[in-house]
Amino acid sequence: MTDMTPPYLVSRAPSPYSGREGLSTSGPDARWDSGPLAERSGRTGRFGRELGYLLTGLPLGIAAFTVAVTGFVAGAATFVTVLGLPVLLGTLAAARAFARTERRRVEHVTGRPLPPHHYRQAPADTGIGGLLGRLREPQSWRDLLHMVVSFPVRIIGFCLAVTWTVGGLGELLNVTWSWAIPRDDGDQGLLDLMFDVESRAADIAFHTGIGLVLLATAVPVIRLLTAAQTGLARGLLTNPAAAHRTGGGW
């Protein structure tokens, strides 16, 4: 290559910033384009997914808990009459459907695939022996167990998520609505009840401070609650050992 080689034919090493989100490599020097904005947008999106995961978990948990307890109790109570066998099998089928939904929810909120899981091949026999064989499928029972034990965790997650977000916002805006609360003579509010401080302005400041604390800690609290629920799902709804032992997972 001579000194007369046109500049556009000169091979250049790729920029160390190529492909990195928020960086521009169109000019001679890489520069930040919208990195901080993209990072904030990603954090906001993650918080929204986690909050939505916690809030939608309660109605899903109510339905799952109702199906699990009702189906198992009805099936176990009538098992000796053989009528309980199809009830239990239907309950386990519902458990697999709820487990499939929860796996998708967990993967969506975390942005990562879950470890594999494995269900045994259903027996071809449609008689009593084959139906009893389907009851011995272990992952389906793990799915059913998740429907029960996740319910209190979802209740706690929902209540704390609402408290830290909606409650925090309401406390922060206390000054805009506290005037509408009926008060007895000499009653100034929560601060008066707790510390015997009779001051309307101090009570508003106290509530506003609570709102600031709740909103300031909302992100780590929501993340911790989400991690508790996704960890429970990871522990019960996946089975990498069984999937690897059989050569696959689904």
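Scroll up to find the structure this text is about.
So, here's what we can say about the structure. (Residues numbered from 1 in each chain as written. Predicted model: local features only at pLDDT ≥ 70, side-chain atom pairs only at ≥ 80, totals over all residues. Heavy atoms only, no water.)

**Let's talk about the layout of surface pockets**
Stage number 1. Roughly 250 Å³ of internal volume is contained in the largest pocket.
Stage number 2. In terms of lining residues, the largest pocket is bounded by 13 residues, among which R96, A122, R134, E137 and S140 are the most central.
Stage number 3. If you list the elements that add at least two residues to the lining of the largest pocket, you get helix 2 (84-110) and helix 3 (128-135).
Stage number 4. When residues of the lining of the largest pocket are assigned to their parent elements, the largest contribution, 4 residues, is made by helix 2.
Stage number 5. For the lining of the largest pocket, the class distribution of residues is 5 nonpolar, 3 polar and 5 charged. (1 Å grid on protein atoms, 1.4 Å probe; cavity = no way out; pocket = protein on both sides within 12 Å on 5 of 7 lines; lining within 4 Å. Points joined across faces, edges and corners; volume = space filled by probe spheres on them. Helix = DSSP H or I, 4+ residues; strand = E, 2+ residues; numbered from the N terminus. Nonpolar A, V, L, I, M, F, W, Y, C, P; charged D, E, K, R; others polar.)

**Examining the side chain of D143**
Stage number 1. Relative to the helices and strands, D143 is located in helix 4 (residues 138-172).
Stage number 2. Taking relative accessible area as the criterion, D143 reaches 0% and is therefore assigned buried.
Stage number 3. The residues contacting D143, other than those within four sequence positions of it, are A95, R96, A99, R103, Y119, L236 and L237. (Buried < 20%, exposed > 50% of the residue type's maximum accessible area, 1.4 Å probe, protein only. Contact = heavy atoms within 4.5 Å.)

**With respect to the nonpolar core**
Stage number 1. With 13 residues, the main nonpolar core has Y53, L54, V106, A161 and I222 as its most contacted residues.
Stage number 2. Every element with two or more residues in this core is listed here: helix 1 (35-77), helix 2 and helix 8 (218-237).
Stage number 3. Discounting residues that sit within four places of it in the chain, L54 has contacts with G157, F158, A161, I222, L225, T226 and Q229.
Stage number 4. Of all hydrophobic cores here, the second largest spans 10 residues; its members include A68, L85, L92 and M147. (Core = buried A, V, L, I, M, F, W, Y, C linked by side-chain atoms within 4.5 Å.)

Read these as geometric descriptors, not functional statements.
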